Amino acid sequence: MEPIELIPKLKEIALQAGAAILKAYEQSPDQLEISMKADKSPLTMADRASNEIICSALEQLPVRYPLISEENKLTPWQERKHWDRCWLVDPLDGTKEFLKRNGDFTINIALIEKGRPVLGLVYVPVHGELSWAVLGKGAYTVKNKLDIPLEAASFSMEDEGLGVVCSRSHLSAETEAFIDQFKDPILLSRGSALKFLMLAKGEAHVYPRVAPTMEWDTAAAQIILEEAGGKVLVFETGEPLTYNRENLLNPAFVAYGKVRETQ
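All of these numbers come straight from a predicted model, not from anything done at the bench.

Draft legend 1. Structural detail: the overall build of the protein. Counting secondary structure elements, the protein contains seven helices and 16 strands. At 18 Å, the protein has a C-alpha radius of gyration in line with the 18 Å of a compact globule built from 263 residues. Put simply, the protein has 263 residues, and 52% of those count as buried. Within the protein, counting contacts between residues at least 6 apart in sequence, those at least 24 apart form 62% of the total. Only carbon and sulfur atoms are counted for the fraction: they give 50% of the accessible area of the protein, which is about 12,400 Å². Each charge sign in the protein was given a centre, from 29 positive and 38 negative side chains, and these centres are 3 Å apart.

Draft legend 2. Quick peek at the sheet that holds strand S7 (residues 129-134). Ordered in space as S3-S4-S5-S6-S7-S8-S9, the seven strands form an open sheet in which the pairing is mixed. Where the open sheet ends on each side, the last strands, each with one partner, are strand S3 (67-69) and strand S9 (146-149). Neighbour-to-neighbour, the strand axes of the sheet open up by a mean angle of 20 degrees, direction not taken into account. The pairing of strand S8 (residues 138-143) with S9 spans four bridges and is antiparallel. Bridge assignment links Lys143 to a residue of S9, and that residue is Leu146.

Draft legend 3. Layout of the nonpolar core. Residues Leu88, Phe196, Ile224 and Leu225 are the most contacted members of the largest nonpolar core, which totals 37 residues. Where this core is concerned, the elements lending two or more residues are strand S4 (85-93), strand S5 (106-113), strand S6 (116-124), helix H6 (194-200), helix H7 (215-227), strand S14 (231-234) and strand S15 (253-256). Ranked by residues supplied to this core, first place goes to H7 with seven residues. Excluding residues within four positions of it along the chain, Leu225 makes contact with Ala152, Phe196, Leu199, Ala200, Gly230, Lys231, Val232, Ala255 and Tyr256.

Draft legend 4. Main features of helix H2 (residues 45-59). The terminal C-alpha atoms of H2 lie 21 Å apart, and with 15 residues this matches the ideal 21 Å at 1.5 Å per residue to within 8%. All buried positions along H2 are accounted for by Ala46, Asp47, Ser50, Asn51, Ile54, Cys55, Ala57 and Leu58. Buried residues of H2, seen end-on, are gathered within an arc of 165 degrees and therefore sit on one face of the element.

Draft legend 5. Seen up close, the pattern of salt bridges. For the coordinates displayed, the defined rule picks out nine salt bridges. The partner of Lys201 in a salt bridge is Glu129, with the nearest N and O atoms 2.4 Å apart. Pair noted here: Lys201 is in the loop between H6 and strand S13 (206-209) and Glu129 is in strand S7, with a separation of 72 residues, a long-range link. Looking at Glu129, the relative accessible area reads 17%, which means it is buried.

Thresholds, definitions, all that
- Residues numbered from 1 in each chain as written.
- Predicted model: local features only at pLDDT ≥ 70, side-chain atom pairs only at ≥ 80, totals over all residues.
- Heavy atoms only, no water.
- Helix = DSSP H or I, 4+ residues; strand = E, 2+ residues; numbered from the N terminus.
- Rg over C-alpha atoms; globule rule 2.2 N^0.38 Å.
- Buried < 20%, exposed > 50% of the residue type's maximum accessible area, 1.4 Å probe, protein only.
- Contact = heavy atoms within 4.5 Å.
- Areas by Shrake-Rupley, 256 points an atom, 1.4 Å probe, with all protein chains shown as cover.
- Lys, Arg positive; Asp, Glu negative; His and termini not counted.
- Charge placed at Lys NZ, Arg CZ, Asp CG, Glu CD.
- Pairing = 2+ DSSP bridges.
- Axes fitted to C-alpha atoms, helices over the stretch in contact; angles between N-to-C directions.
- Core = buried A, V, L, I, M, F, W, Y, C linked by side-chain atoms within 4.5 Å.
- Expected span 1.5 Å × (residues − 1).
- Arc of directions from axis to C-beta.
- Salt bridge = Lys/Arg side-chain N within 4 Å of Asp/Glu carboxyl O.

Next up, the structure:
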């Protein structure tokens, strides 16, 4: 089964999970049953409900692949390293944003093939915004039930006033040093996978990320950006960010729109 054939059903799954998240989002904070995971990050009933819907639905698809989800017990590397294809899921990317009630959280679903994302879907429940991409088929956002192509902005690294997307948290020294190479950059801030979507839509140009992220935070948005003409490169090596590694903690990376090489 080709990845493009999975998109209609994945859209339905994302909408169902989004509805469950919004149901929790509408409750008062003291009703959210917040707990803390081992890494001190928050876990809410919305994370759990979304995860249950997505994982159960993926298992019902005509084709079945192993699954990695932020909220599931991780399969040992000795087994995972033999997987040619697997799902990579973040049922609620941006739980802290969810708790702040600013709307900057997403559902991320990606299909990984031999370490690279070949399909990605990102859904923003608060705004009803759904974007998706399949390798070689382009990137799209859904408006009025129509798939509208996405295209990253074309730019040169020497251009003035480039939009640089930064985390809401305090900028690290490494990030500041990276930003200093640009001429009069405009610093922009969004939460979760929305940073990548800004690049894919042409609303920004560069997104440096030196702070920690996990594979499920980036995979779905990476293929959307790549199919829109951009790229996501490891900070130290300049190689594309890969997935289903032994350690699921991502290295530092930089995401770009459509960079024009200067002569």
